[in-house]
Protein chains: 2
Amino acid sequence: MSNDDHLHIPADAAFSRRIPDNDDRERLVCDACDYVIYENPKIVTGVVATWGAKVLLVKREIEPRRGYWALPAGYMELHETAEQGATREAWEEARAKLKIDQLLAIYSIPQISQVQIIYRARLSIPQISAGPESQEVGLFDREEVPWNDLAFPTVEWALNQHYSVEGMVSFPPFTNPV
Amino acid sequence: MSNDDHLHIPADAAFSRRIPDNDDRERLVCDACDYVIYENPKIVTGVVATWGAKVLLVKREIEPRRGYWALPAGYMELHETAEQGATREAWEEARAKLKIDQLLAIYSIPQISQVQIIYRARLSIPQISAGPESQEVGLFDREEVPWNDLAFPTVEWALNQHYSVEGMVSFPPFTNPV
Ligand SMILES: [Zn+2]
Ligand SMILES: [Zn+2]
């Protein structure tokens, strides 16, 4: 049975952790047919989106970190590009229309097996509003950013790195700050 | 039951495709407890690794595209960074020791829900040899690259983009060529 067959999980499937043939680490393998459920790192795509010098932030309506401010970002879905994922999240969370500029940063968070792909983007229009997963949205000048109420360390990383290349037409992307 | 509990898949679990509460698309959901198996895009990490002007290529011992030449690259594993994944693949496939330089490209292949993160890297020593998934490994000058026997379009993209920034200390990363 092919691993590309997303529909394969019969009602009586029993999975256990063992090392499949031709592999070198434990996986979740179907006892009956050796179908492997690969557990992979997850991709989060997001944006530092600007209108002039202001950056777009969303106040989270959902856990974790409900009530704290974040970039529009979320899990990349099947059958989309990374850029489409970031654009979709900006629409879902902030009803923002934007144009991706270039890659700002890739962060790896191996503790939770997550890779975050964060783009720099420009809003096409300044009209924004809270989507269902947001309490509030806002456009902030640098000195207005709620630095003490950011949801995740990566939000602060991305904002600081964004400001460090503000006005630059092109730059190599950032990674986790050391 | 938390989605972070990787071990949760009891012997009698029955999964069906339906839209979980608070979601907007179909997922594989456990009929008994609403545990969701998220199907996510997969991350491939790889390298264009050089020794002087030569680039490292590996001839694939495994399908798909067995017998064709590729960059050292493969699926990112849990609990590693993207850079560690690329470095690990270079060791597994070509017994290569290298130092990551900077991000060369991110490719999205939405048809197969894959994101490829390709770094530019320098070999620390020119000693390389085939790992278990490679038939052969080699260091190629540009005119020696087996252009007609490359395994995947992304290999050609990455090599061409690599040559277009050869000698540049820093550059914005590439994406799928248009
Ligand atoms: Zn099975
Ligand atoms: Zn269950």
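Residues numbered from 1 in each chain as written. Chains lettered and ligands numbered in written order. Predicted model: local features only at pLDDT ≥ 70, side-chain atom pairs only at ≥ 80, totals over all residues. Heavy atoms only, no water.

(A) Layout of the domain arrangement of chain A. When cut into domains, chain A gives domain 1 (1–38) and domain 2 (42–164). For domain 1 of chain A versus domain 2 of chain A, the separation of C-alpha centres amounts to 35 Å. (Domains from an automatic or database assignment.)

(B) Fine view of the relation of the copies chain A and chain B. Once turned by 180° and shifted 0.0 Å along the axis, chain A lies on chain B with an RMSD of 0.0 Å. Such a combination of turn and shift is consistent with a two-fold rotation axis. Taking C-alpha positions as reference, the residue of chain A nearest the rotation axis is Pro172(A), located at 2.2 Å. (Least-squares fit on C-alpha atoms with pLDDT ≥ 70 in both.)

(C) Quick look at the nonpolar core. One finds Ile117(A), Leu159(A), Ile117(B) and Leu159(B) to be the most contacted residues of the largest nonpolar core, which totals 80 residues. The contact partners of Leu159(A), leaving out residues within four places of it in the chain, are Val55(A), Leu57(A), Leu71(A), Val145(A), Trp147(A) and Leu150(A). Residues Leu28(A), Cys30(A), Tyr35(A) and Tyr35(B) belong to the second largest nonpolar core, which totals 10 residues. (Core = buried A, V, L, I, M, F, W, Y, C linked by side-chain atoms within 4.5 Å. Buried < 20%, exposed > 50% of the residue type's maximum accessible area, 1.4 Å probe, protein only. Contact = heavy atoms within 4.5 Å.)

(D) The interface of chain A and chain B, seen in detail. Every contact between the two is made by 44 residues of chain A and, on the other side, 44 residues of chain B. Both faces combined, the contact of chain A with chain B buries some 3700 Å², and carbon together with sulfur accounts for 60% of it. Linking chain A with chain B are four salt bridges, by the criterion used here. Note that Arg27(B) and Glu77(A) form a salt bridge whose closest N and O atoms lie 2.9 Å from each other. Elements supplying a minimum of two residues to the side of chain A that touches chain B: strand E1 (15–18), strand E2 (27–30), strand E4 (42–51), helix H1 (82–94), strand E8 (98–109) and strand E9 (114–123) of chain A. Class assignment of the residues belonging to the side of chain A that touches chain B gives a composition of 22 nonpolar, 10 polar and 12 charged. (Buried area = accessible area lost by both parts, 1.4 Å probe. Salt bridge = Lys/Arg side-chain N within 4 Å of Asp/Glu carboxyl O. Helix = DSSP H or I, 4+ residues; strand = E, 2+ residues; numbered from the N terminus. Nonpolar A, V, L, I, M, F, W, Y, C, P; charged D, E, K, R; others polar.)

(E) Expanded view of the pattern of salt bridges. Under the counting rule described, the total for this entry stands at 24 salt bridges over all chains. Put simply, Asp23(B) and Arg27(B) hold a salt bridge, and the shortest N to O gap is 2.8 Å. Look at Asp23(B) and you get partly exposed, because its relative accessible area is 22%. A relative accessible area of 8% means that Arg27(B) is categorised as buried. Via salt bridges that share partners, Asp23(A), Asp24(A), Arg25(A), Arg27(A) and Glu77(B) belong to a single interconnected network.

(F) View of the environment of Gly46(A). Residues and elements named next belong to chain A. The residue glycine 46 is located in strand E4 in this model. Taking the C-alpha atoms as reference, glycine 46 lies 3.8 Å from alanine 73; in sequence the two are 27 residues apart. Among all residues touching glycine 46, those that are not within four sequence positions of it are Pro72, Ala73, Ala86, Ile117, Ile118 and Tyr119.

(G) Highlighting unusual backbone geometry. Residue and element names in this part refer to chain A. Glutamate 63 connects to proline 64 through a cis peptide bond whose omega is -5°. Mapped onto the elements, proline 64 comes out in the loop between strand E5 (54–60) and strand E6 (69–70). Phi is positive for arginine 65, close to 65°, though the residue is something other than glycine. As for its placement among the helices and strands, arginine 65 is situated in the loop between E5 and E6. Phi is positive for histidine 79, which is not a glycine, with a value near 60°. Residue position: histidine 79 is located in the loop between strand E7 (73–75) and H1.

(H) Examining the sheet that holds strand E2 (residues 27–30) of chain B more closely. All names here are of chain B. The three strands lie next to each other as E1-E2-E3, forming an open sheet whose pairing is antiparallel. The strands lining the two open edges of the sheet, one partner per strand, are strand E1 (15–18) and strand E3 (36–37). Bridge count for E2 against E3 is two bridges, and the pairing is antiparallel. Within E3, the residue paired with valine 29 across the bridge is valine 36. (Pairing = 2+ DSSP bridges.)

(I) Highlighting the UniProt feature "domain: Nudix hydrolase" (unreviewed entry) in chain A. Residues annotated by UniProt as "domain: Nudix hydrolase" (unreviewed entry) correspond here to residues 40–163 of chain A. Regarding residues 40–163 of chain A, the helix share stands at 19% and the strand share at 41%, and the terminal C-alpha atoms are separated by 32 Å. (UniProt positions renumbered as here; feature names shortened; annotations may be inferred.)

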